[in-house]
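Spelled out, the chains give:
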Amino acid sequence: MTPEQPIIQLTNASIYQGNSLILSDVNITVNKGEFVYLIGKTGTGKSSLLKTLYGDLPLKDGTGQVVGFDLKKMDWKKVPYLRRNLGVVFQDFQLLTDRNVHDNLKFALRATGWQDNKQIEDKIADVLDKVGLGTKGFKMPYELSGGEQQRVDIARAMLNSPRLILADEPTGNLDPETSDGIMQLLFRICREGTAIVMATHDYIVLQKFPSRVLRTENGHVTDNAAVNFSS
Ligand SMILES: Nc1ncnc2c1ncn2[C@@H]1O[C@H](COP(=O)(O)OP(=O)(O)OP(=O)(O)O)[C@@H](O)[C@H]1O
């Protein structure tokens, strides 16, 4: 991938769930370090679009590049390589409940090919520090608040220094104050050069942390969609 190449480029793309067409004529470009919201009513295709971007759903029509990978040529063997180059954050954190924070991160590093113990330990310390959990590596997930668990999920997404983080409702389970902390963290990560695409229903977040908005509506995606905060 060349430095000037967009982080995401979809051209005339269609998004399917099985044989059902969810979104058509999708044209999106996201550049390095951009923060982009993905909004739209429930069931309009936000998660399906994100899944296509992280290789969970195949791109059947149109063309798509994500962090230098050609989605059209993506098969199950290439998905792990794509996933090493982007981070994914979910609403429900998806931490392994049988091991502590440190071992959750170690598991993710080992699963993506890291072998050197010193490098693994340095990386875990680095990402925990970045998300403000430098002293919490020994804690089990159930010993953490929702906001802290989301920070661990974000730390995990950052392990391989991705140029893109895809976040599906990362503040969906959090109270407003905790969600502000997560948004500040995501914007800080973004300012350091990582592009972020975040699906959300949370209009308060959009108001407090304004940025570019994509909207899924009537089977299409509109860019720079005006947000009606009363809806
Ligand atoms: N695994 C699946 N198999 C078949 N259809 C699905 C599947 N997942 C979602 N869909 C359908 O695809 C459409 C888009 O769903 P999607 O989850 O992408 O919407 P969304 O905008 O993310 O919704 P929400 O805001 O509720 O998360 C819906 O009609 C949904 O029923």
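Residues numbered from 1 in each chain as written. Predicted model: local features only at pLDDT ≥ 70, side-chain atom pairs only at ≥ 80, totals over all residues.

1. Details of the overall build of the protein chain
In terms of helices and strands, the protein chain carries seven helices and 10 strands. Taken over C-alpha atoms, the radius of gyration comes to 17 Å for the protein chain, in line with the 17 Å a tight globule of 231 residues would show. Taking all 231 residues of the protein chain together, 37% fall into the buried category. (Helix = DSSP H or I, 4+ residues; strand = E, 2+ residues; numbered from the N terminus. Rg over C-alpha atoms; globule rule 2.2 N^0.38 Å. Buried ≥ 20, exposed ≤ 12 C-beta atoms within 10 Å, placed from the backbone.)

2. A closer look at the domain arrangement of the protein chain
According to the domain assignment, the protein chain consists of domain 1 (1-86 + 162-171 + 195-231) and domain 2 (93-161). Taken together, the contact between domain 1 and domain 2 spans five residues of the former and five residues of the latter. For the side of domain 1 that touches domain 2, a count of residues per class yields three nonpolar, one polar and one charged. (Domains from an automatic or database assignment. Contact = placed C-beta atoms within 7 Å. Nonpolar A, V, L, I, M, F, W, Y, C, P; charged D, E, K, R; others polar.)

3. Thoughts on the site of the ligand
What surrounds the ligand is a group of 13 residues, the closest being Gln17, Thr42, Lys46, Ser47 and Ser48. Secondary structure elements with two or more residues in the shell around the ligand: strand S2 (20-30) and helix H1 (46-53). With three residues, H1 is the largest single contributor of residues to the shell around the ligand. (Near = placed C-beta within 6 Å.)

4. A word on the nonpolar core
The biggest cluster of nonpolar side chains holds 57 residues, and the ones touching the most others in it are Leu38, Ile165, Leu166 and Ile196. There are two domains that each give this core at least three residues, and those are domain 1 (1-86 + 162-171 + 195-231) and domain 2 (93-161). In this structure Ile165 touches Leu86, Gly87, Val89, Ala157, Ile189, Thr194 and Ile196, once residues within four positions along its chain are discounted. (Core = buried A, V, L, I, M, F, W, Y, C linked by C-beta atoms within 7 Å.)

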